[in-house]
Structures are given as C-alpha cells and as structure tokens.
Amino acid sequence: MHEDPPFDESELSAEDLAILHAFDAIESWEMNPAQTDQPAADSANSIWEGTASLDEPDDMLIIFLTEVEEDITAMQQVMKRLARGDATQPGHFAALRRLGHKIRGTSGAVGYLKMSEVASHVEIIAEQAIHAMIQPATAYEALTHTLKVLEFCLSELLRDNQEPADDVLIDDLRTIYANLSIDLDQPLSGDMPRTLATPSYPGNTPSAPGVPTPLPTPSEFPAEFQISPTPSTSLPPVQALRPTANGTQPLTAPLAPPVRQEFAAEPAFVRVAVHHFDNLIRHTEKLFEQHASMDNAYKQVETAFQDLQAAQARFQRLEMLFSNSLAQERLSQLPESHTSSSLITRIFQNAATRNDPRRRRGKSDKTFVPTKSQPEWDELDMERYSEKDMQLRSLREAMADMASSSARLKAAYQTLYVIQVEYLARTTLVRNDTLLMRQAPLSTLMPQLRDVVMTSILAREQRLDFEITGDCVEIDQDVLTLLSPLLQTILETCTNNVTPSTPSTPSKNRMQNGAQPQPYRVWLAARAISSEVALEVGFSREVPGGAMQTLREQIRLLNGTLALERNAAGGISFFLRFPRIRGVVQCLLVRVADQHLLIPLSHIRRVAYTAPDGADPLYQLRALLDLPAAHVEPGATQPVILMQALMEQAGGEQLKILIDEIIDEIELVVKPLESHLQRPGVTGSVIGQQGNVLLLLDIAELVASYKQNMAHQDPAYEAQGLARPLKILVADDSAYLRRSVLQTLQHTPYQVIEARDGLEALDLLKVEMPDVLLLDIEMPYLNGYDLLDIVRHNPRFSAIKIIMLTSRSSDKHMLRAMELGAHAYLIKPSPGEKLLTTIRELLPQYAS
Amino acid sequence: MLGLAAWRGTAIAVLDLAAYFSGSQTRAQLRPGSSLLIAQNDYVTIGLSAVIISSLPPLQAESIRSLEPSSANSARLASGIIGMYEDAFVLDIPSTLIAMAQHIKMAKTYA
C-alpha cells in the first residue's frame, strides 16, 4: 500500500503532473500484478509497465543495467574531459545532459525512480551550465557528486537488485546543490522536468509529515561514495585554466556562444579583388566611349525625323492647296454639292474621275498615278503646263521628300538600335562586373573555419586533418556572410559535441586490431555549377546531431538546399547548394495553365519533349500545384523537365515533371515570401516584367508535399504495399526501450527493425523503407528532430508515418515535432495499446 | 483569396474584402469596378479588393456608433468591426489584418 505523496500536486506544472501520473501508473502496475494478468496480447500492450510484466524480466533487467553502466561510464569520460579543462564545455555538458536524460527516462520506465531522479539532476545541471545559468566549475562540482550517487544507485541495483532504501543520498545532494547555489527548480529555456517531486514507490515510503528524516553524516556513507559539500568559493581543480590558441582562458568564461558581431549588421565596406576592379574600370570606360556613338546616332535620328516632319508639313500644305483647287473646280461643276471637307471633296473627285469616260483614255488618270511613260518635266517649256500640272509637280516632289526622309529615319533608327544593343551588352558587362566586385573567394572564410576545427575537442584529443578543395570558388560577399555562420555551426557541432563512445556503439575507424588510429578527417569541397555553388562538408566519422533545424533555417536564408548523407569514409557529409550571388537565380520560366512559374536552372538536369523511359513516375506540375486541368491537343508534345535534385545522391527517384510550355531562360532577383504566403515547394517570388508575380518553385519539396497530401487523402494510394508485412523502425538509443517496443509488437503482424541512433535510422530508412518510424528525440549522431527534418525533406520518404515516442512532454516539443512533419506524438511512458492504436489510425488501410 | 499582386517590389496577397467578411467558400473573382486598397501593419501587408462608393474626410470617434449585435451576420465581420458610420461598417483594419494573414496561411493555394 502506498501513501499519498507529501506534497501539494496543485503546485506542480502540468508537465510534472503528467510525469507523476505516469509514475503512479507504473507503481500501480507493480503493486497489483494481478491486474496485469491479462492475455498475452494485453501483456504486450503494456510496454512500459516495468520488469514485473515483461516476458523476460531478467533479460530486460540485464539490458537495462548494462545500458546504465555504459552510460555512467560515458559520463565519467566526459567528466574527465571537463576536469582536464576544455574550451568547449557546452559540448561536454550537452553530452552529459543527453546521457542524464536517457538514464532518467529508462530508469523511470523500469521503476527505479531514485535513479531516475538523480539522473534528472544531471540533466538539469548540465542544461543550466549550457545556458550559462551556473558556472562550469560549479556545475562540474555538483555533477561530480551527482555522478557518484548515480554510481552508488547502480552498484546497489547490481548487488541487491534494488535501489538504496532511503532518501539520504538525494537529500544530501540537494544540500550540496544549495551550498553551490544551484537551484534545480530555476526555469530553463528547455522544458525538461525540474526536480521530480518524489513520488511514493515500493521501498521508498516517505516519512510521515512532520517527522523529519534524520540526515546521516557523510561518514555514514560508504567510503567511496562520501560526498563533501564544498562551497562554490573553494572549488577544486576545475578552476584550472583551459588552453586556447592564445594561451589560457579562465574556465569561468561565459558558455553562451559568442555573438558574431561582424555578421550582425551590414558591413560598411566590402573588399574587392583587384582583377574585378580592373575589369569594371575597363568595361565602364568602353561603355563611356559608346556614349559618343549613341549621341551621334540619336542626332541622326533626330535630324531625319525633323526632315520627315518638314516633308510631311510641305505635303500637307500642298494637299490643302490641291484640295481647295479641286473643290473650287467641283463646286463650279456640281453646284448641288455642299461639302466642306477636303477629304469628302476628294472622294467626290475620285468618284467623278472614275466615272469620267476620259479617264480611260489616260491623261487625267496619269495625274494621280504617275507612270514611267509620263513625259519628263521641262522647265523651259512651262507654257504648256497648266496650274494643275504645277501643283501636281509640287506634290510629287513633296512625296519624294517624304520617302527620302523616311528612309533616312529608318537607317538612323537602325544604327541607333545596333548601338543600343551594343550599349546594353556593355551595360550588362558592367553590371556583372559590379556584382562580381562583391564576390570573394571561399578561401576568405577558411582561416576562421580552420580555427574552429583545430581548436575543437576532437583536434585536441586526436590527430585531425582538415582538407579544403575548391576554395577559389568566388561567392558574393553577402552570401559568404550568411555562409560563414552556417559552416561554423556544422563544424562546431560536429567537432565539439563529442558523444563518448560506449561499448555498444563502437566508433568506426577508431582502432582496428591494435593498429594506429586513423586520423579524423574533416573536409570541405566546393565547386561552382553555373550560378550556384555545391559544397560538401565531410566528416570521416559519425557526428553528433542537433543542428539540423538551425542549419535548415540558415540555408533557407541563402535560398539553398541541404542534404545529409553517409560518405565513403563511413562518416557523414553535409551537401549544400546555394546561389553564388544573393537573391539572383538563373531560372527557367515555364507556363502551366495560365500561370507563369520559375524553376531554378541548377535544379534541372535536362529537358525532353518525350517522357524518358524509367520506372520513376512522371509528375504533372499542374497537379502538383492543384491547378485546373486543361485540354491538350492530341499529339501535342509537352516538355518534360528532368530534375537534378540532391535527392539523387540519396538514391531517391529521378523527378520528372510535365509542364505546358517553356517560355524563357532568365536571371532574376528572388525575394522570399512573407511567412503567411509561404507554401511547401514555393521558395520565393519575383516581380516579372509585366509587374506580375512569378513564383520560384522547389520541385523536390513540391513533390514531397504532394505525395504527403495524397497519402493523407487516399489510403488506396499506398495499397500496393498491402502484400508485404508492415515494417516499423524503432529509433531509440535506449536498448531497454527498444526491447520494450519489440515486446509490445511481437504479437502483431508488424516487422520491427531497430536503430540505435539517428544515423543508423537514416541508413535503415533507405534500405528498409519502413511504413512507420517510431522516433525518439534525444539520440546521438542525429537527434529525432534532425532525422524528422531530413525525412520530411526527402520525397522518397514521404509515405512514412512518423510517431514521436519521447519523454519530452512539453507543448513546445510537441509543436516543433508536428511542425517538422510528425504524424503523432506519444510521451513515454506510453501504454502499449495506445501505441498500437496510433499505428492503426495512421495506417487505416492495414487496420483489418 | 484572389491571388498575388506586386506591391513595391514584393508579392502581397490580395483578398476580396466582401468575400472575406461574408465567409464565402467559393473561389473569389475580381469584381468589376473594384479597387485595390493596400492595408499594412507592422507585420503584414495585404491587398484588399473592394468597390469604392465614396471617400470621406477623417471620421471623428464620436460619429462612430457602436455596433448592434444583430448587425454583423458573420463572426468574422463582428470581430473586425469598430462600429457603424451611417449605414456602413467601420472596420478595425489592424486587428483584421492579423486574422486575414492567418486565413491566408491556412489557404491551400494562392487563389
């Protein structure tokens, strides 16, 4: 029987209450084994109910204890590194936090709540150290004691199969924390449970209210676990100075990453390469020289135009005279006519002329239609010419003048046009030169990147080679400014947040058959592809995760793409692709229905006019964009765009996109869309020449979103998978929890695959293509968010249903996971039936 | 949502004001004789398509009378109204813009 906990539950947060209730549930299972006396299927449904209900309790306990022992060993390694003094404590504390989190969750699930609470102390203290809420030395001091208690709990479990009977260890730890001014309840930016209110559990009956438990003196502890509370003012050797490139630096330096002020604002100056500057001057001078030709051509056009205007004016005057003359003549002949318009008069005149029988005889007709047979004008024989002939003569001269002026104008205009085209070409050259002036080689970033790598934990622990190729690639300095923190994030994360190797996760290449360890290789390889840069940042070994979402945000600022793959060395490579000039993208302007859209040229492999062979499906851009279907003439050929997506490196499908028409290839300045206008697969907008809005598409993302929507809307979409057994991939770094899930699912038709970390899960995803991914958040190498982000950005994995299975219970984590594309979120400990129900709900076509 | 338009070099969403407030689910179409009003707050710029009947000098607060509960026949309209001037609703544009941005965010397509 148990008593109510001696605390007021109303004082606890919802999160703590949820955890507490979960623990209560565990307790009730253990205290009432009869209640778990269910059929086998029901037994399997209780995956977190402790060793008592498991089919192989001894095996499970051994798995648990082995795992905790490994984790504590790993913690000790990290503590040793901290004791040596290190410039990168955040990485060490992050490792401690993760290990503490793991032990807290696992031991809580098994029912060892004292150990779970002590592990939560590790997690909280490490978190506070990471956020610079406590000094690293203070954190180290506290963690040293906490780790000893954790070891003691483990030794008790190994020896007696039960935790220490009383709370003195934990109470003493709290005294130490108080002496060190550590407040475990201090709010953090994270959401982990603060000090867990001690629940009642077997063997841990709290003292009756009002009866204080006597605190043992330190000497009552076993000698090896004695704890000597030390005030923070007399801290031991942790105060040692840490070595840096410049000598030493006190350990008390703030842990928060330094703000890179140089990138905080627009730079006041840019550095310009001399050859770019020379080119600009040369092209500008040529452009200037062209001004004279342009002015001359303009003047010629102007002169020709004035001549034409003069000829036109003369012609109009003559036309008026001629018309008046004819009108008077006609008026005398046709008194009944009252027309006043010269035009009408002329019409009458023409009509009369046409009806005049003399017209056919020729002379009058020739007045209006001069022919070559007409006699030459003779200035010496003027008497034979009438006034009408004189007027006609003048009219012809005026017409000739007009024709001549018109020809001159046309010629002048053509000259001007040619010069204008040339001028525009030179202007483009100057513009390009101006853009190039902002470019600088990638090598300008290398000193600081090399510094990041060579001062990292890895570099100080072992031989590390940093190789760079293609650093002569020139990139806009704005892009470099954005690229620099991105590359530093990758390098810092992967070379500092070192997860200690444990016996269960041997690191490749580390030491084989007693040979010398292979040097750790980090490489950076860049190459320019048209207006873009392809960049690989490679690590010869597995690297810790946690930065994927930050990187995704940073790469978005660059209008680029990011992929992560295992490389030939067995490690990890980050593949980045981004424009060399910020905002300017070379695009293919295409038409689909009545919409004009842009596709980055660098994403396109080629264009075909017949659908290429191959198993990969052909997508209609019209359908991807949910545009109405249009009638296509039979036999009409529509262009097919073969995409050159990064997914190809992952062995993904070759995307083929059917469009209505290719209009042009253009270079445009792309602007990001406001947040409320952002849609999957639309990466930016451009204002077209007609003032219309053109959308820039990311076809791979568009296809992924489309497939995801289709899978949601139509269960039959995945019906082709009905014949094979459902595969479920469990990605969790806790062997105990993986085993528990296995036991839950052992009586189901599901085939279960296990992954020990995010990277292994990514590898298995490609090979096994599971239907469901059960994903923990806290994992080494790639954490759950990283993996979720990668999976949701790869169209190949769009059909996979992702269930987060984590002890992170806050809304913040849940929202983040759902935003990244998780389908469901379960909090450990989670009843097995709930897990099964969730799987069935996500895969309704398999429910039967 | 009517679509996207260019405004000062950037793309903005264009909403049919009447369709938005009436909660119409049908695909909006540009009304003949409508004008584009550009509404902006610190966070969002949205084009509002509406038929302009007349323009008024700046209204005094006392000339705006409070809204009768039955006047607004849609919840969306009721939440975006300051009051009535003669027989016209006076809209609270800043707060309406935030709701509009959310509405646009939820829309599957741009039109």
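K.L.:
How do you make sense of the overall build of chain B when you look at a structure like this?
P.N.:
A tally of helices and strands in chain B yields three helices and six strands. Moving toward the C terminus, one meets the helices and strands of chain B in the order β-β-α-β-β-α-β-β-α. Considering only intrachain contacts with a sequence separation of at least 6, the fraction spanning at least 24 residues in chain B is 47%. Summed over its atoms, the accessible surface of chain B is roughly 6,900 Å², and 55% of this surface lies on carbon and sulfur atoms.

K.L.:
What should I look at first to understand the packing of helix H8 (residues 274-333) of chain A against helix H11 (residues 387-437) of chain A in this one?
P.N.:
The angle between the axes and the distance between the axes are what describe a pair of packed helices. All names here are of chain A. Relative to each other, H8 and H11 sit at 160 degrees, their axes nearing to 6 Å. Here H11 runs roughly antiparallel to H8, going by the angle between their axes. Regarding H8 and H11, the two cross each other, and that crossing is left-handed. The residue makeup of the contact of H8 with H11, split by class, is 31 nonpolar, 17 polar and 12 charged.

K.L.:
How do you make sense of the pattern of salt bridges when you look at a structure like this?
P.N.:
Pairing between side chains of opposite charge can happen when the charged atoms of each approach one another. All names here are of chain A. Here the structure, examined in full by the defined rule, presents 30 salt bridges over all chains. In this structure, the salt-bridge partner of Glu-67 is Lys-102, at a minimum N-O distance of 3.3 Å. Taken together, the positions of Glu-67 in helix H3 (residues 57-84) and Lys-102 in helix H4 (residues 89-110) put the pair 35 residues apart, joining distant regions of the chain. Across the pair, Lys-102 and Glu-67 agree in class, each one buried. Between Asp-160 and Arg-159 there is a salt bridge, with its nearest N and O atoms 3.4 Å apart. What you see here is one network of salt bridges that share partners, running through Arg-104, Glu-123, Glu-778 and Arg-808.

K.L.:
I would appreciate a short explanation of the sheet that holds strand E3 (residues 35-40) of chain B in the present structure.
P.N.:
All names here are of chain B. On the basis of which strands lie adjacent, the open sheet formed by four strands has the order E1-E2-E4-E3 and mixed pairing. In this open sheet, the two strands that pair with only one neighbour each are strand E1 (3-7) and E3. Each strand axis lies, on average, 40 degrees off the axis of its neighbour in the sheet, ignoring direction. In the sheet, strand E2 (residues 10-16) pairs with strand E4 (residues 45-50) via four bridges, with the strands oriented parallel.

K.L.:
Help me out: how do you make sense of the sheet that holds strand E15 (residues 656-658) of chain A in this one?
P.N.:
Sheet strands line up and pair through hydrogen bonds in the backbone, either parallel or antiparallel. Residues and elements named next belong to chain A. An order of E12-E14-E15-E13 is seen for the four strands of this open sheet, with the pairing classed as mixed. Where the open sheet ends on each side, the last strands, each with one partner, are strand E12 (604-608) and strand E13 (618-620). Across the sheet, the mean angle separating the axes of adjacent strands is 30 degrees when strand polarity is ignored. Pairing analysis gives three bridges linking E13 to E15, with the strands arranged parallel. Bridge pairing links Gln-620 to Leu-658 in E15.

K.L.:
What is the right way to look at the environment of Asn-559 of chain A in this model?
P.N.:
Residue position: Asn-559 of chain A is located in the loop between helix H15 (548-557) and strand E8 (561-566). We classify Asn-559 of chain A as partly exposed; its relative accessible area is 27%.

K.L.:
Help me out: how do you make sense of the side chain of Glu-474 of chain A in this one?
P.N.:
Structurally, Glu-474 of chain A is set in strand E5 (residues 474-476). Engagement of the side chain of Glu-474 of chain A in a polar contact is seen with the side chain of His-276 of chain A, the distance being 2.7 Å.

K.L.:
Before we go on, may I ask you to explain the side chain of Ser-107 of chain A in this structure?
P.N.:
Residue and element names in this part refer to chain A. Secondary-structure assignment places Ser-107 in helix H4. Engagement of the side chain of Ser-107 in a polar contact is seen with the backbone oxygen of Ile-103, the distance being 2.5 Å. A polar contact is formed between the side chain of Ser-107 and the backbone nitrogen of Ser-116, at a distance of 3.3 Å. Setting aside residues up to four positions removed in sequence, Ser-107 forms contacts with Phe-64, Tyr-112, Met-115 and Ser-116.

K.L.:
Explanation requested: the confidence of the model for chain B in the structure shown.
P.N.:
Caution applies to low-pLDDT regions: their predicted coordinates should not be interpreted in detail. Residues and elements named next belong to chain B. Chain-level statistics for chain B give a pLDDT mean of 81 and a share of 86% at 70 or above. Ranking the elements of chain B by mean pLDDT puts helix H2 (residues 75-79) last with 62 and E4 first with 94. Of the two predicted TM-score estimates for the complex, the pTM is 0.49 and the ipTM is 0.89.

K.L.:
Before we go on, may I ask you to explain unusual backbone geometry in this structure?
P.N.:
Most peptide bonds take the trans configuration, and most residues that are not glycine carry a negative phi. Residues and elements named next belong to chain A. Residues other than glycine seldom take positive phi values, yet Ser-181 does so here, at roughly 60 degrees. Mapping Ser-181 onto the fold places it in the loop between helix H7 (168-179) and strand E1 (242-244). Looking at Ser-181, the relative accessible area reads 60%, which means it is exposed.

K.L.:
I'm lost on the packing of aromatic side chains in this one. Help?
P.N.:
Both the distance between ring centres and the angle between the ring planes are used here to describe each pair of aromatic rings. Tallied over the entire structure, the rule returns five aromatic pairs over all chains. With a centroid separation of 5.5 Å and an interplanar angle of 35 degrees, the aromatic rings of Phe-64 of chain A and Tyr-112 of chain A are classed as tilted. Taken together, the residues Phe-64 of chain A in helix H3 and Tyr-112 of chain A in the loop between H4 and helix H5 (113-130) connect sequence positions 48 residues apart. Given the relative accessible area of 0%, Phe-64 of chain A is considered buried. When its relative accessible area of 12% is taken as the criterion, Tyr-112 of chain A is described as buried. Measuring from ring centre to ring centre gives 5.2 Å for Tyr-20 of chain B and Phe-21 of chain B, while their planes differ by 75 degrees; the resulting arrangement is edge-to-face. One aromatic cluster is present, formed by Phe-64, Tyr-112 and Tyr-736 of chain A through successive ring pairs. In this structure, Arg-816 of chain A packs its charged tip against the face of Tyr-785 of chain A, placed 3.8 Å from the ring centre.

Definitions and cut-offs
Residues numbered from 1 in each chain as written. Chains lettered and ligands numbered in written order. Predicted model: local features only at pLDDT ≥ 70, side-chain atom pairs only at ≥ 80, totals over all residues. Heavy atoms only, no water. Helix = DSSP H or I, 4+ residues; strand = E, 2+ residues; numbered from the N terminus. Contact = heavy atoms within 4.5 Å. Areas by Shrake-Rupley, 256 points an atom, 1.4 Å probe, with all protein chains shown as cover. Axes fitted to C-alpha atoms, helices over the stretch in contact; angles between N-to-C directions. Parallel < 35°, antiparallel > 145°, perpendicular 65-115°, else oblique. Left-handed = near helix turned anticlockwise from the far one by under 90°. Nonpolar A, V, L, I, M, F, W, Y, C, P; charged D, E, K, R; others polar. Salt bridge = Lys/Arg side-chain N within 4 Å of Asp/Glu carboxyl O. Buried < 20%, exposed > 50% of the residue type's maximum accessible area, 1.4 Å probe, protein only. Pairing = 2+ DSSP bridges. Polar contact = N/O pair within 3.5 Å; in protein donor to acceptor, adjacent residues only side chain to side chain. pLDDT = per-residue confidence, 0-100. Phe/Tyr/Trp six-rings, centres within 6.5 Å; stacked < 30°, edge-to-face > 60°. Lys NZ or Arg CZ within 6 Å of the ring centre and 35° of its normal.

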